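# Architecture and fold: a report
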Amino acid sequence: MAKIISIFNQKGGVGKTTTAINLSAAVGLKGKKTLLVDIDQQGNTTSGYGINKRALNRSSYDVLIGKCCAGDAILHTKFKNIDMIPSNRQLAGAEVELIEVEHRESQLKKALSLVEEQYDFIFIDCPPSIGLVSINGLCASDTFLVPLQCEYLAMEGLSQLMQSVREIKRLYNPSLELQGIVLTMFDGRLNLTQQVVSEVKKYFADKLYSTVIPRSVRISEAPSYGVPIQYYDAKGKGAEAYNALAKEFLKKNRG
């Protein structure tokens, strides 16, 4: 039975999709059968794995609105142990279409229940907002992972996020827990970075991953080539960081 993890932050541009792509790739390279589910309408995770968003026959949109089962939307990628349910712009319509659906918040949970036996881990890349699509991701998940950029007001954003998740937990998924917080775009030379680290440790010491993701041009470049960082710059700092994160993640999850 797969452990299901949403990668979520209400704020965009914090390394959410980058973490979804590269953490899943690293976990796959460590021998774990992994499914990556892209439910962000921008489809950047899909592109980051070299999949043409415009040529999809089925996507996470079809799964969410019940047009097809999860198994029919799964693509086998060329990367070790990685399958994907891709996304495209069609997903933008799902928010409206789901309003009329009974148990609309649990459509993804129901769909993934038919395939979760096939995987060790299922990662869900959620949109950077709280709407019905993100709620579906969080309701389907056992835990959620928060990429947090080391910037001004980071803690305020984290506080708002945790408040939103508490409400989802109360209403829909009582067993949902915080998997951890990953600091992204990390530059230890900056005072602001150290201040953010100090603040996060104060409130979430037991949930803060010791691995940090550095600012890296190579990490930024890799998606334009349609490959995770491990396949683009295997010996670079970015790949090393995500491999270390995967190792820590698997240790936390007894992988």
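Structural data are supplied above this passage.
All of these numbers come straight from a predicted model, not from anything done at the bench.

The rules we used
Sequence order as written defines the numbering, with residues in each chain counted from 1. Selection of residues for local features in this predicted model requires a pLDDT of at least 70, selection of side-chain atom pairs for listing and counting requires 80 or more, and totals for whole chains, interfaces and linings are taken over all residues. With hydrogens and water stripped out, all remaining heavy atoms of the structure feed into the side-chain values. Numbering of helices and strands runs from the N terminus; a helix is a DSSP stretch of H or I covering at least four residues, while a strand is a stretch of E covering at least two. Contacts were defined at the residue level, with two residues in contact if any of their heavy atoms lie within 4.5 Å. Accessibility throughout is a Shrake-Rupley quantity obtained with a 1.4 Å probe, and a residue counts as covered only by protein chains that appear here. In this tally Asp and Glu are treated as negative and Lys and Arg as positive; neither His nor the chain ends contributes. For this purpose, a charge sits on NZ of Lys, CZ of Arg, CG of Asp or CD of Glu. Take the buried Ala, Val, Leu, Ile, Met, Phe, Trp, Tyr and Cys residues and link them wherever side-chain atoms come within 4.5 Å; each set so joined is a nonpolar core. Using a 1.4 Å probe on the protein chains alone, a residue whose accessible area is under 20% of its type maximum counts as buried, one over 50% counts as exposed, and one in between counts as partly exposed. By this rule the span expected of a helix is its residue count minus one, scaled by 1.5 Å. The directions from the helix axis to the C-beta atoms form the arc being described.

Let us now look at the overall build of the protein. Scanning the protein from terminus to terminus reveals twelve helices and seven strands. A principal-axis box enclosing the C-alpha atoms of the protein has dimensions of 50 × 40 × 30 Å. For the protein, the share of sequence-separated contacts (at least 6 apart) that also reach a separation of at least 24 residues comes to 79%. Total accessible area on the protein is roughly 11800 Å²; 48% of this is exposed by carbon and sulfur atoms. If the 31 positive side-chain charges of the protein are averaged to one point and the 26 negative ones to another, these points end up 6 Å apart.

It is worth spelling out the nonpolar core at this point. Ranked by internal contacts, the top residues of the largest apolar core, which has 52 residues, are Leu112 and Ile124. Among the elements that line this core, the one with the most residues is helix 8 (residues 154-171), at seven residues. When residues no more than four places from it in sequence are discounted, the contact partners of Leu112 are Leu35, Val37, Ile85, Ile122, Ile124 and Ala140. With 32 residues, the next largest nonpolar core counts Ile82, Val182, Ile219 and Ile229 among its residues.

As a further point, take helix 8. Given 3.6 residues per helical turn, the α-helix brings residues three or four places apart onto the same face. If you check helix 8, its first and last C-alpha atoms are 26 Å apart, about what 18 residues at 1.5 Å a residue would give, namely 26 Å. All of the buried residues in helix 8 are Ala154, Met155, Leu158, Leu161, Met162, Val165 and Ile168. The buried residues of helix 8 all sit within an arc of 130° when viewed along its axis, so they share a single face. In helix 8, those exposed residues whose orientation departs by more than 90 degrees from the buried face are Gln163, Arg166 and Arg170. Looking at the packing, one finds that the buried side of helix 8 touches helix 7 (132-140), strand 6 (143-149), strand 7 (177-184) and helix 9 (191-204).

A word on the side chain of Ser59. Position of Ser59 among the secondary structure elements: in the loop between helix 2 (44-48) and helix 3 (60-64). The class of Ser59 is buried, set by a relative accessible area of 1%. Excluding residues that lie within four positions of it along the chain, Ser59 makes contacts with Ala73, Ile85, Pro86, Ser87, Asn88 and Gln90.

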